[in-house]
Amino acid sequence: MHRINLVKILSLLLLTVTISVNAQHDSHVEKVVDATHTEEVPVEKDLKTEIKEYINHHLLDSYDFSLFSYTTDAGEHKYIGAPLPVILWDGGLQVFSSSKFHHGETLAEVSGNFYKLYHGKIYKTDAEGTITYDEEHHATNVKPLDFSITKNVVFIFLVGLLMFFMFGRMAKNYKKSALPSGLGRLLEPIILYVRDDIAIPNIGIKHYKRYMSYLLTIFFFVWIINLLGLTPLGVNVTNNIAVTLALALMTYFITTFSGNKDYWKHIFWMPGVPTLMKIILAPIELLGTIIKPFSLMIRLYANITAGHIVLMSIIGLMFIFKNWIGSPLSFGLAFALSLLELLVAALQAYIFTMLSALYFGSAVEEHDHH
Amino acid sequence: MEGLNYIGAGLIVIGAGIGIGRIGGQAMEAIARQPEASGKIQTAMLIAAALIEGIGFAALFAA
């Protein structure tokens, strides 16, 4: 029964996406092209540059959820996707739909102000949309404060909701019986694994309970969102460095605030070493507390980004070779690499959780034998 | 001297590759010696590999 409900939720989500897709694009529905085939569009531009641009575009966050684009016979660009709300703070709240930008082709005029989408960022411009530059060719236009619901934000919300329903249902089920049912049968061993093999050995039996909710949340969030990145939806939340920064900051704050006096003593006044060493060690240890979450951030971001770039480049090979050897080669490599990426998706979630647990463990560890 | 970046990046990748390769190899050896400790060895291996990888990526992005 629970399984049916989950299926309902999932199909509801799919339905909402489909409806908005249908609402947005015009009468040209019949031409359905796969997401990876967009490079095929015969433009005079160099193919390699085009593939590179496509990959770069995929790696960036965007103000709309677009699945693919194509050029009609009339030479017109068509985008299939859904616009998302843009929320700006520019001397007052400005809320409008990202469809006003027409994928960066036009200016958006909102209550007398003009905004231009330029290299994935929103700038305030005059009515002609002029962008001024400094010496290093950086735009000097005013950038309004941006709280937009971008593609990444949408998927963070979706995964949050999904996890809320999934685990809420599972928790409710344990009130009725000790045996999990439905999806819980799949999730229970994973949760027990996080508890028995990540939390308890690293944090210790005494304190692990306080951190379980955080560790489980981070594990499943990173895992699900990494897996979503491998679907053709073009989601790539964890290869936005701001997202991994937020995740790493949470680990940092929890570690810092749960540090006991032994933890701080080991940072500022390391016991058991000569005084001169204590003075040298203190700044190094202090820097170490910042480097730890920094490496968490970089690791997750770089792994996922590198995976996406390599995967998309290999798919791009198909369009460069254009002969009987290129396509099977590209297909085979992309298939093998996708399997590897499935492993990496789980591995990165595991590593992030494991290292977080390790840091929490070092913060609450009690040294009574000094 | 723009190309030097790429040489540096190559050196980093070689270094990280050797490091992770050694970890993997030694872990295999350890598991072969003591198959009953394979779980613990695997965990330690993954942590060490992740740490090296983190440094490798950090340097790669700086390059």
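Cut-offs used in this document
Residues numbered from 1 in each chain as written. Chains lettered and ligands numbered in written order. Predicted model: local features only at pLDDT ≥ 70, side-chain atom pairs only at ≥ 80, totals over all residues. Helix = DSSP H or I, 4+ residues; strand = E, 2+ residues; numbered from the N terminus. Buried ≥ 20, exposed ≤ 12 C-beta atoms within 10 Å, placed from the backbone. Contact = placed C-beta atoms within 7 Å. Rg over C-alpha atoms; globule rule 2.2 N^0.38 Å. UniProt positions renumbered as here; feature names shortened; annotations may be inferred. Nonpolar A, V, L, I, M, F, W, Y, C, P; charged D, E, K, R; others polar. Pairing = 2+ DSSP bridges. Axes fitted to C-alpha atoms, helices over the stretch in contact; angles between N-to-C directions. Core = buried A, V, L, I, M, F, W, Y, C linked by C-beta atoms within 7 Å. Domains from an automatic or database assignment. Parallel < 35°, antiparallel > 145°, perpendicular 65-115°, else oblique. pLDDT = per-residue confidence, 0-100.

### Notes on the overall build of chain A
Each helix and strand counted, chain A has nine helices and eight strands in total. Burial analysis of chain A (370 residues in total) assigns 25% to the buried set. Considering only residue pairs separated by 6 or more positions, chain A has 59% of its internal contacts joining residues 24 or more positions apart.

### Focus on the overall build of chain B
Summing up its helical and strand segments, chain B has two helices and zero strands in all. Radius of gyration (C-alpha) of chain B: 15 Å, far over the 11 Å computed for a compact globule of 63 residues. Projected onto the principal axes, the alpha-carbon positions of chain B cover approximately 55 × 15 × 5 Å. Going through the 63 residues of chain B one by one, you find that 8% of them count as buried.

### Let's talk about the UniProt feature "transmembrane region" (unreviewed entry) in chain B
All names here are of chain B. Mapped onto this numbering, the UniProt entry annotates "transmembrane region" (unreviewed entry) at residues 6-23 and 44-62. Note that residues 6-23 is 100% helix and 0% strand, and that its end C-alpha atoms are spaced 26 Å apart. Helix and strand shares over residues 44-62 are 100% and 0% respectively, and the end C-alpha atoms of the span are 27 Å apart.

### Points about the UniProt feature "domain: V-ATPase proteolipid subunit C-like" (unreviewed entry) in chain B
Annotation from UniProt places "domain: V-ATPase proteolipid subunit C-like" (unreviewed entry) at residues 7-61 of chain B. A helix fraction of 93% and a strand fraction of 0% characterise residues 7-61 of chain B, whose end C-alpha atoms lie 13 Å from each other.

### A short note on the interface of chain A and chain B
If you look at the interface, chain A gives seven residues, while chain B gives eight residues. Looking at the side of chain A that touches chain B, the element that brings in the most residues is helix H8 (residues 275-321) of chain A, giving four residues. Within the side of chain A that touches chain B, the residues separate by chemical class into five nonpolar, one polar and one charged.

### What to know about the sheet that holds strand E6 (residues 113-118) of chain A
All names here are of chain A. Spatially, E5-E6-E7 is the arrangement adopted by the three strands of the open sheet, whose pairing is antiparallel. Lying at the two open borders of the sheet, with one neighbouring strand each, are strand E5 (108-110) and strand E7 (121-125). Strand after strand, the sheet turns through a mean of 35° between neighbouring axes, direction not considered. Bridging between E6 and E7 involves five bridges; their strand directions are antiparallel. By the bridge assignment for E7, tyrosine 115 is matched with lysine 124.

### Looking at the nonpolar core
Formed by 44 residues in total, the largest nonpolar core has its most connected members in Ala199, Leu215, Phe219, Val222 and Ala357 of chain A. For this core, the secondary structure elements donating two or more residues are helix H3 (151-176), helix H4 (184-203), helix H5 (208-228), helix H6 (241-258), H8 and helix H9 (326-364) of chain A together with helix H2 (38-62) of chain B. Phenylalanine 219 of chain A has contacts with Val194, Ala349 and Thr353 of chain A, leaving out every residue within four places of it along the chain. Counting residues in hydrophobic clusters, the runner-up holds 11 residues, among them Leu88, Ala108, Tyr115 and Leu117 of chain A.

### Regarding the domain arrangement of chain A
As far as domains go, chain A holds domain 1 (85-148) and domain 2 (153-364). Distance between the C-alpha centres of domain 1 of chain A and domain 2 of chain A: 34 Å.

### Structural notes on the pairing of E6 of chain A
By the bridge criterion, three bridges tie E5 of chain A to E6 of chain A in an arrangement that is antiparallel. When the bridges of E6 of chain A are listed, valine 110 of chain A appears paired with asparagine 113 of chain A.

### Observations concerning the sheet that holds strand E8 (residues 145-146) of chain A
Residues and elements named next belong to chain A. Strand order in the open sheet formed by three strands is E4-E3-E8, and the pairing between neighbours is antiparallel. Single-partner strands in this sheet number two, and they are strand E4 (93-97) and E8. With five bridges joining them, strand E3 (residues 85-89) and E4 adopt antiparallel strand pairing. Each bridged residue has a counterpart across the sheet, and for leucine 88 the counterpart in E4 is glutamine 94.

### A look at the packing of H8 of chain A against H2 of chain B
Where H8 of chain A meets H2 of chain B, the axes come as close as 9 Å, and the angle between the chain directions of the two elements is 80°. Judged on the interaxial angle alone, H2 of chain B and H8 of chain A are roughly perpendicular. Seen from H8 of chain A, the contacting residues are Ser295, Ile298, Arg299 and Ala302 of chain A; seen from H2 of chain B, they are Ala50, Glu53, Gly54, Phe57, Ala58 and Phe61 of chain B. A breakdown of the residues in the contact of H8 of chain A with H2 of chain B according to their chemical character gives six nonpolar, two polar and two charged.

### As for the confidence of the model for chain A
Per-residue confidence for chain A gives a mean pLDDT of 79; residues scoring 70 or more make up 84%. Segment residues 15-41 of chain A: pLDDT under 50, and 33 contacts once partners within four positions in sequence are set aside and those in other chains are kept.

### Describing the environment of glycine 17 of chain B
Relative to the elements of secondary structure, glycine 17 of chain B occurs in helix H1 (residues 3-33). Separated by 16 residues in the primary sequence, glycine 17 of chain B and arginine 33 of chain B have C-alpha atoms spaced 24 Å apart.

### As for H4 of chain A
All names here are of chain A. Taken together, the buried positions of H4 are Val194, Ile198, Ala199, Asn202 and Ile203. Contacts from the buried residues of H4 go to H5 and H9. Glycine 204 sits one or two residues past H4 and shows a positive phi near 105°.

### Thoughts on the confidence of the model for chain B
Residues with a pLDDT of 70 or more make up 97% of chain B, whose mean pLDDT is 86. Interface predicted TM-score (ipTM) for the complex: 0.74; the corresponding pTM is 0.78.

### Considering the environment of isoleucine 18 of chain B
All names here are of chain B. Residue position: isoleucine 18 is located in helix H1. What makes isoleucine 18 exposed here is the crowd of 11 C-beta atoms within 10 Å. Sequence separation between isoleucine 18 and glutamate 36 is 18 residues, and the spatial gap between their C-alpha atoms is 27 Å.

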